Amino acid sequence: FDKQIKVWDVERGTVVMEVSKASAVPKCVTWHPDQSCLLVGQSDNHVVQYELSTGDVVQEYDRHLGEVNAVFFLDGGKRFVSSSDDKSLRIWEFGVPIEVKTVADPSQHAAPACTRE
C-alpha cells in the first residue's frame, strides 16, 4: 500500500499520470464525467478530488467517520455519493465540502460498494 494513484494507458501498458501525494491508502476511485478530475475515497475517512492536468488536490471532503468504500457521480457530475465504514451514505454537491444529505443507520452494515443503477 504505497499510497500512490496511477492512471494507465492499458493499450500501451504505460503510466500516463501518477499522483503520489495521497495522504492515505486509496480505497476507491471514480472519474468525473468530463474527465477533468478524479475522486478518491481513502482509508483516512476523506474523499479527495485531484485535478488530472496537474495531479494537485483541489478539494477534500472530510465528513466521514470511517474508511471511504465507494464514490460515484450523479446528475452529470454535479453531485456525487460516498459510502463509508461509518455506515453512512453521503450526497455531496461537487466542489462543496459539506454534504447535502446523509443517510445513516448504526444498526445496519456498512455499504462496501454502491452503484447508481
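Residues numbered from 1 in each chain as written. Predicted model: local features only at pLDDT ≥ 70, side-chain atom pairs only at ≥ 80, totals over all residues. Heavy atoms only, no water.

Asker: Any details on the pairing of strand β7 (residues 68–74)? Residues and values, ideally.
Answerer: Consecutive side chains along a regular strand alternate between the two faces of the sheet. With six of seven residues buried, β7 is to be regarded as a mostly interior element. Here β7 pairs with strand β8 (residues 79–84) via six bridges, running antiparallel. Bridged to Val-71 within β8 is Ser-82. The turn linking β7 back onto β8 is made up of four residues, and Asp-75 within it adopts a positive phi angle of 50 degrees. (Buried < 20%, exposed > 50% of the residue type's maximum accessible area, 1.4 Å probe, protein only. Helix = DSSP H or I, 4+ residues; strand = E, 2+ residues; numbered from the N terminus. Pairing = 2+ DSSP bridges.)

Asker: Give me the lowdown on a nonpolar patch on the surface, citing residues and values where you can.
Answerer: A contiguous nonpolar patch, built from Trp-8, Val-10 and Val-15 and spanning about 330 Å² of accessible area, is present on the exposed surface. The residue Val-15 is located in strand β2 (residues 14–19) in this model. (Patch = residues over 30% accessible without salt bridge, like charges linked within 9 Å, V, L, I, M, F, W, Y side chains within 5 Å. Areas by Shrake-Rupley, 256 points an atom, 1.4 Å probe, with all protein chains shown as cover. Salt bridge = Lys/Arg side-chain N within 4 Å of Asp/Glu carboxyl O.)

Asker: Quick one: what's the story with the sheet that holds strand β9 (residues 88–93), residue by residue and with numbers?
Answerer: Across the sheet, which stays open at both edges, the four strands sit in the order β7-β8-β9-β10 with antiparallel pairing between neighbours. Every interior strand has two partners, whereas the edge strands, β7 and β10 (99–104), have only one. Each strand of the sheet is rotated relative to its neighbour by a mean of 15 degrees, with strand direction disregarded. (Axes fitted to C-alpha atoms, helices over the stretch in contact; angles between N-to-C directions.)

Asker: Could you give an account of the sheet that holds strand β3 (residues 26–31), with specific residues and numbers?
Answerer: One open sheet accounts for four strands, arranged β3-β4-β5-β6; its pairing is antiparallel. The sheet is open, and its two borders are formed by β3 and β6 (57–61), each paired with just one other strand. Ignoring which end each strand starts from, the neighbouring axes of this sheet average 20 degrees apart. Across four bridges, the pairing between strand β5 (residues 47–51) and β6 is antiparallel. Counted as the bridge partner of Gln-49 is Gln-59 from β6.

Asker: So, the pairing of β10: which residues are in play, and what are the values?
Answerer: Pairing between β9 and β10: five bridges, direction antiparallel. Counted as the bridge partner of Trp-92 is Glu-99 from β10. Hairpin geometry of β9 and β10 is characterised by an intervening segment of five residues between the two adjacent antiparallel strands and by a positive phi of about 95 degrees at Gly-95.

Asker: Quick rundown of the packing of aromatic side chains? Include the residues and the values.
Answerer: Here the structure, examined in full by the defined rule, presents five aromatic pairs. Ring centres of Tyr-61 and Phe-80 lie 4.9 Å apart, and the angle between their planes is 80 degrees; this geometry places the pair in the edge-to-face category. In this pair, Tyr-61 is assigned in strand β6 and Phe-80 in strand β8, connecting sequence segments 19 residues apart. When its relative accessible area of 0% is taken as the criterion, Phe-80 is described as buried. Measuring from centroid to centroid gives 5.9 Å for Phe-80 and Trp-92, while their planes differ by 10 degrees, and the two rings are stacked. One end of the pair, Phe-80, is in strand β8; the other, Trp-92, is in strand β9, and 12 residues separate them in sequence. The residues Phe-80 and Trp-92 share a single accessibility class, namely buried. (Phe/Tyr/Trp six-rings, centres within 6.5 Å; stacked < 30°, edge-to-face > 60°.)

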